[in-house]
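Residues per chain are reported as follows:
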Amino acid sequence: MKTKISGVELRRIAMPLVAPFRTSFGVETSRDVLLVRVVTSDGEGWAECAAMSEPRYCSEYVDGALDVLRKFLIPALPTGGVDAAAAVGRILEPFTGHHMAKSALESAVLDAQLRSSGESFGSYLGAARDRVPCGVSVGIMDSIPELLDAVEGYVSEGYARIKLKIEPGWDVEPVRAVRERFGDDLLLQVDANAAYTLVDAQQLAKLDDFGLLLIEQPLANDDMVQHAQLAKLLRTPVCLDESIESAADAAAAISLGACSIINIKPARVGGYLEARRIHDLARAHGIPVWCGGMLETGIGRAANVALAALPGFTLPGDTSGSNRYFATDITEPFVLSDGHLDVPTGPGLGTQPLPEILDAVTTSREWIAL
Ligand code: OSB
Ligand code: MG
């Protein structure tokens, strides 16, 4: 029996962040999120598009995602229906790029499919545990004391690992300060969001003294070969985020030696099915993976937490509790317990937007009939 898709709602919401989040590519004070709701013969499905308001982390951005979904991706869905969510990826393949927009559409269909069959995302993807250890990504701050206060707060909330955002001028000193204050046992890593070049290798090698778990995306998104050269100059393991947009990229990075760890963000690679393929490939090569984040609401978070429960996800992810981002989430909040989040067990995502809250944060809605 095919799943017939009658239409898709594109709903944009504005979610103020509890504190500004600064990275090497910009400052975020509010999350501009596109939600996708598909209405099918099997029922509804929800997903969150991870694109940010400006094309700084990657080339996608919310207005662009809305446009490509409305003009190309949604109209490509066959009116006769699809066999399963897995078919959506193949149907969208002729369109290049736009992984975040594609991921949202495929994930919404997958949610509808799983809700109707009564299976959870975790069970469908192959989760090996019922809760996942969580890390937190800590933005660039104006001063070291301010950073230490923020880290102190997260450590006391129970986070299992701390990730510091770095950029030229904010790297060795903040790492040294956090190590001195919290000791060598704290699981600590850094993320440069592509802010360095190979010329900075000596500066980055100074981080080798601090026993970091990894350095994430030190160089530009398309500098796979240079990441391989840098990896030879550092003792800190190199992890790729932005550079890995597909399983093919992951295979190339592994065979080049461009990374020894991968941050898997399902949206960046086009969806949860491609994310699982990268997990399987990495696992076969003995490459640890962890689940990244894009400041998601509870909708995106639910699916990420399910993915993070797969057996190859051996490092804590950026799957933080809802309160790290928002005063009020659009779903029941994800709450950290003993440094972990529970993997949702209900059908599909196992959660849904709370209608009143959703309406209160909605800035625009659009219905596209098939
Ligand atoms: O590089 O991992 C990143 C947030 C937005 C865009 C890119 C990144 C991040 C984070 C935060 O580091 C992850 C999260 O807590 O969701
Ligand atoms: Mg990153």
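1. Comments concerning helix 5 (residues 144-157)
Line of reasoning, step 1. Compared with an ideal rise of 1.5 Å per residue, which puts 14 residues at 20 Å, helix 5 spans 20 Å between its outermost C-alpha atoms and is within 8% of the ideal.
Line of reasoning, step 2. Lining the buried residues of helix 5 we find strand 5 (135-138), strand 6 (161-165) and helix 6 (172-182).
Line of reasoning, step 3. The N-cap of helix 5, judged by a side-chain oxygen 3.3 Å from the amide nitrogen of Glu-146 a few residues on, is Ser-143.
Line of reasoning, step 4. One or two steps after helix 5, the chain reaches Gly-158, where phi turns positive at roughly 105°.

2. Here we look at the nonpolar core
Line of reasoning, step 1. With 125 residues, the main nonpolar core has Leu-105, Val-138, Leu-164 and Ile-262 as its most contacted residues.
Line of reasoning, step 2. In terms of residues, this core owes the most to one element, helix 3 (residues 99-117), which gives nine residues.
Line of reasoning, step 3. Contacts of Leu-164, omitting those with residues within four sequence positions, involve Val-138, Leu-147, Val-151, Pro-174, Val-175, Val-178, Leu-188, Gln-189, Val-190 and Asp-191.
Line of reasoning, step 4. Residues Cys-239, Ile-261, Trp-290 and Leu-315 belong to the second largest nonpolar core, which totals five residues.

3. Describing the site of ligand 1
Line of reasoning, step 1. Taken together, 18 residues lie near ligand 1, and Ser-137, Lys-165, Asn-193, Leu-295 and Tyr-325 sit nearest.
Line of reasoning, step 2. Here Lys-163 contributes a side-chain N or O atom positioned 3.0 Å from an oxygen atom of ligand 1.
Line of reasoning, step 3. At 3.1 Å from an oxygen atom of ligand 1 is found a side-chain nitrogen or oxygen belonging to Asp-241.
Line of reasoning, step 4. Here ligand 1 has 390 Å² of accessible area as a free molecule, and 100% of this is covered by the chains.

4. Some details on the packing of helix 5 against helix 6
Line of reasoning, step 1. Viewed as axis vectors pointing N to C, helix 5 and helix 6 meet at an angle of 50°, and their least axial separation amounts to 10 Å. Of the possible angle classes, the one that applies to helix 5 and helix 6 is oblique. Viewed along their axes, helix 5 and helix 6 form a crossing whose handedness is right-handed. In this structure, helix 5 contributes Ile-144, Leu-147, Leu-148, Val-151, Glu-152 and Val-155 to the contact, and helix 6 contributes Glu-173, Pro-174, Ala-177, Val-178, Arg-181 and Phe-182.

5. Focus on the sheet that holds strand 3 (residues 43-49)
Line of reasoning, step 1. The strand order across the open sheet built from four strands is 3-2-1-13, with neighbouring strands paired in antiparallel fashion. Each edge of the open sheet is held by one strand with a lone partner, namely strand 3 and strand 13 (362-369). This sheet shows a mean twist of 20° between the axes of neighbouring strands, independent of strand direction.
Line of reasoning, step 2. Bridging between strand 1 (residues 5-23) and strand 13 involves seven bridges; their strand directions are antiparallel. Residue pairing in the sheet places Leu-10 in a bridge with Glu-366 of strand 13.

6. Considering the sheet that holds strand 9 (residues 238-240)
Line of reasoning, step 1. Strand order in the open sheet formed by seven strands is 5-6-7-8-9-10-11, with parallel pairing between adjacent strands. One side of each edge strand has no neighbouring strand; the edge strands of this open sheet are strand 5 and strand 11 (289-291).
Line of reasoning, step 2. Strand direction decides the pairing type here: strand 7 (residues 188-191) and strand 8 (residues 215-216), joined by two bridges, are parallel. Bridge pairing in strand 8 places Val-190 opposite Ile-215.

7. Description of unusual backbone geometry
Line of reasoning, step 1. Residue Ala-194 is not a glycine yet carries a positive backbone phi of 70°.
Line of reasoning, step 2. Turning to its location among the elements, Ala-194 is positioned in the loop between strand 7 and helix 7 (201-205).
Line of reasoning, step 3. The phi dihedral of Leu-295 is positive, around 55°, even though this residue is not glycine.
Line of reasoning, step 4. Along the chain, the position of Leu-295 falls in the loop between strand 11 and helix 11 (298-307).
Line of reasoning, step 5. Of the residues examined, Leu-295 reaches a relative accessible area of 8% and is grouped as buried.

8. Regarding the packing of aromatic side chains
Line of reasoning, step 1. Going through the model one piece at a time under the given rule, you end up with five aromatic pairs.
Line of reasoning, step 2. An angle of 85° between the planes, with centres 5.8 Å apart, marks the rings of Tyr-154 and Tyr-159 as edge-to-face.
Line of reasoning, step 3. Given the relative accessible area of 14%, Tyr-154 is considered buried.
Line of reasoning, step 4. Tyr-159 sits in the buried class, given a relative accessible area of 6%.
Line of reasoning, step 5. Centre to centre, the rings of Tyr-325 and Phe-326 are 5.9 Å apart; their planes meet at 40°, and the pair counts as tilted.
Line of reasoning, step 6. When the ring centre of Trp-290 is taken as reference, the NZ or CZ atom of Arg-161 above it lies at 5.1 Å.
Line of reasoning, step 7. One Lys or Arg, Arg-276, reaches over the ring of Tyr-124 and ends 5.3 Å from the middle of that ring.

9. What to know about the packing of helix 2 (residues 85-92) against helix 3
Line of reasoning, step 1. Interaxial distance between helix 2 and helix 3 falls to 8 Å at its minimum, and their mutual angle equals 160°. By the angle class used here, helix 2 and helix 3 are roughly antiparallel. Considering the relative orientation of helix 2 and helix 3, their crossing is right-handed. Residues Ala-85, Val-88, Gly-89 and Leu-92 of helix 2 form the contact with helix 3, whose own contacting residues are Lys-102, Leu-105, Glu-106, Val-109, Leu-110 and Gln-113.
Line of reasoning, step 2. Here the contact of helix 2 with helix 3 is built from residues that sort into six nonpolar, two polar and two charged.

10. Things to note about the environment of Asp-130
Line of reasoning, step 1. Looking at where Asp-130 falls in the secondary structure, it is placed in the loop between helix 4 (121-125) and strand 4 (131-133).
Line of reasoning, step 2. Spatially, the C-alpha atom of Asp-130 lies 25 Å from that of Gln-189, the residues being 59 residues apart in sequence.
Line of reasoning, step 3. Among residues more than four places away in sequence, those in contact with Asp-130 are Asp-342 and Val-343.

11. Regarding the side chain of Arg-31
Line of reasoning, step 1. In this structure, Arg-31 sits in strand 2 (residues 26-40).
Line of reasoning, step 2. Buried and unpaired, Arg-31 has Glu-48 as its nearest opposite-charge partner, separated by 5.2 Å.
Line of reasoning, step 3. Side-chain polar atoms of Arg-31 contact the backbone oxygen of Leu-295, separated by 3.5 Å.
Line of reasoning, step 4. Residue contacts for Arg-31: discarding those within four places in its chain leaves Ile-13, Ala-14, Met-15, Leu-17, Ala-50, Ala-51, Met-52, Met-294, Leu-295 and Phe-326.

Definitions and cut-offs
Residues numbered from 1 in each chain as written. Chains lettered and ligands numbered in written order. Predicted model: local features only at pLDDT ≥ 70, side-chain atom pairs only at ≥ 80, totals over all residues. Heavy atoms only, no water. Helix = DSSP H or I, 4+ residues; strand = E, 2+ residues; numbered from the N terminus. Expected span 1.5 Å × (residues − 1). Contact = heavy atoms within 4.5 Å. Polar contact = N/O pair within 3.5 Å; in protein donor to acceptor, adjacent residues only side chain to side chain. Core = buried A, V, L, I, M, F, W, Y, C linked by side-chain atoms within 4.5 Å. Buried < 20%, exposed > 50% of the residue type's maximum accessible area, 1.4 Å probe, protein only. Near = heavy atom within 4 Å. Areas by Shrake-Rupley, 256 points an atom, 1.4 Å probe, with all protein chains shown as cover. Axes fitted to C-alpha atoms, helices over the stretch in contact; angles between N-to-C directions. Parallel < 35°, antiparallel > 145°, perpendicular 65-115°, else oblique. Left-handed = near helix turned anticlockwise from the far one by under 90°. Pairing = 2+ DSSP bridges. Phe/Tyr/Trp six-rings, centres within 6.5 Å; stacked < 30°, edge-to-face > 60°. Lys NZ or Arg CZ within 6 Å of the ring centre and 35° of its normal. Nonpolar A, V, L, I, M, F, W, Y, C, P; charged D, E, K, R; others polar. Lys, Arg positive; Asp, Glu negative; His and termini not counted. Salt bridge = Lys/Arg side-chain N within 4 Å of Asp/Glu carboxyl O.

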